[in-house]
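Residues per chain are reported as follows:
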Amino acid sequence: MRLSTVILPIHRWSEGQKVWQRAEDLGFHAAYTYDHLSWRSFREEPWFGAVPTLTAAACATERIRLGTLVTSPNFRHPVTLAKELITLDDVSGGRVTVGIGAGGTGFDATALGQQAWSPKERADRFGEFLPLLDELLREDTTTRDGAHYSAVEARNIPGCVQTPRVPFYVAATGPRGLRLAAEYGQGWVTYGDPKGPAEVPVAQAPAVIARQLAKLTAACEQQGRDVGELEKVLLQGSTAERPLQSVDAFVDWAGTYRELGITELVVHWPVPDSIFANDLDVFERIATEGLRQLN
């Protein structure tokens, strides 16, 4: 099992680079950031772009993997996103993972002046977006005429450092998204129950993940693929569970999900006076000691 973190893009870089470097020093497998234009309670607070932040982090670190968790079609187009990801993969020396999903109904959904898409339209768009992005990242030249996304002789030379392209971690809980994860993903991402933390008691949260893993397994079988090929990533913070309260709480939480088959846990870097407020000293002890106590 691996342990990674999400660092929100809220810091001016004079301070932000220290956080990303500290994440590497603590031994996290990866450091991700949210790819939003603004987000929930942070809407009136500083919030920077994901790809420039990750590019700066790539220059400030040497070993830690970097990525989005997650990017989506809400304000992205596969052609321009592919060019940015190829550049980021080059700058980082091949350390990029692309967490990607269908998007939601937050502020990003209407920031470009469009009406928020229905769940069906989000799924339809994602069903075009992901295959086109896959092709753009693999091929020197791509032409595709889609209902929502097209490319006309789009050039992506020299391509990704990682081959055949940067890995996709696909966030999905519904049947169409799980099929895409099984077909295109090197990993699968869940944050728990999509209904939200108020809907699921803590004791029942692992059962939700177990059911999702069963559906992922079935989707992989339909694609003729071994589910063991995919990383199974759990993003902490969207359920009522509180694994960052203490090292012991983390060990119990991590052990539960390791037994279910989760291979990577992602915890939020503490942000004071927010929903991610946690003791930084405890957080750093979890980073350095937590997984070792599972062995």
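About the thresholds
- Residues numbered from 1 in each chain as written.
- Predicted model: local features only at pLDDT ≥ 70, side-chain atom pairs only at ≥ 80, totals over all residues.
- Heavy atoms only, no water.
- Helix = DSSP H or I, 4+ residues; strand = E, 2+ residues; numbered from the N terminus.
- Rg over C-alpha atoms; globule rule 2.2 N^0.38 Å.
- Buried < 20%, exposed > 50% of the residue type's maximum accessible area, 1.4 Å probe, protein only.
- Contact = heavy atoms within 4.5 Å.
- Areas by Shrake-Rupley, 256 points an atom, 1.4 Å probe, with all protein chains shown as cover.
- Lys, Arg positive; Asp, Glu negative; His and termini not counted.
- Charge placed at Lys NZ, Arg CZ, Asp CG, Glu CD.
- Axes fitted to C-alpha atoms, helices over the stretch in contact; angles between N-to-C directions.
- Parallel < 35°, antiparallel > 145°, perpendicular 65-115°, else oblique.
- Left-handed = near helix turned anticlockwise from the far one by under 90°.
- Nonpolar A, V, L, I, M, F, W, Y, C, P; charged D, E, K, R; others polar.
- Pairing = 2+ DSSP bridges.
- Right-handed = clockwise from strand over helix to strand, strands pointing away.

1. Quick word on the overall build of the chain
Phase 1 of the analysis: Along the chain, the regular secondary structure elements total eight helices and ten strands.
Phase 2 of the analysis: In terms of C-alpha radius of gyration, the chain reaches 18 Å, essentially the compact-globule figure of 19 Å for 295 residues.
Phase 3 of the analysis: With the principal axes as the frame, the chain shows a C-alpha extent of 55 × 45 × 35 Å.
Phase 4 of the analysis: With 295 residues in all, the chain has 52% of them scored as buried.
Phase 5 of the analysis: Taking as baseline every contact in the chain between residues at least 6 positions apart, the subset at least 24 positions apart corresponds to 73%.
Phase 6 of the analysis: Total accessible area on the chain stands at roughly 13600 Å², and carbon and sulfur atoms take up 48% of it.
Phase 7 of the analysis: For the chain, the centre of its 29 positive side-chain charges and the centre of its 37 negative side-chain charges are spaced 2 Å apart.

2. Some points on the packing of helix H2 (residues 50-60) against helix H3 (residues 78-92)
Phase 1 of the analysis: With their axes 8 Å apart at the nearest point, H2 and H3 run at an angle of 15° to one another. Put simply, H2 runs roughly parallel to H3. Two packed elements cross with a definite hand, and for H2 against H3 that hand is left-handed. Contact with H2, carried on its side by Val51, Leu54, Thr55, Ala58 and Cys59, involves Glu84, Leu88, Val91 and Ser92 of H3 and no other residues of that element.
Phase 2 of the analysis: Its residues assigned to classes, the contact of H2 with H3 comprises six nonpolar, two polar and one charged.

3. Brief notes about the sheet that holds strand E4 (residues 96-100)
Phase 1 of the analysis: The strand order around the closed barrel formed by eight strands is E1-E2-E3-E4-E7-E8-E9-E10, and the pairing between neighbours is parallel. Strand after strand, the sheet turns through a mean of 25° between neighbouring axes, direction not considered.
Phase 2 of the analysis: Helix H6 (residues 205-222) rests against strand E8 (187-190) and strand E9 (231-235) of the sheet, and its axis sits at about 150° to E8.

4. A short note on helix H5 (residues 175-184)
Phase 1 of the analysis: Among the residues making up H5, those that are buried are Gly177, Leu178, Leu180, Ala181, Ala182 and Tyr184.
Phase 2 of the analysis: In this structure, the buried side of H5 is in contact with helix H4 (119-138), strand E7 (168-171), E8 and H6.

5. What about the pairing of E8?
Phase 1 of the analysis: What you see with E8 is no split at all: Gly187 and Val189 on one side and Trp188 and Thr190 on the other are buried throughout.
Phase 2 of the analysis: Bridge count for E7 against E8 is three bridges, and the pairing is parallel. Counterpart to Val170 in the pairing with E8 is Trp188.
Phase 3 of the analysis: The β-α-β motif built from E7, the intervening H5 and the parallel element E8 has right-handed crossover chirality.
Phase 4 of the analysis: Here E8 pairs with E9 via four bridges, running parallel. Following the sheet pairing, Val189 is matched in E9 by Val233.

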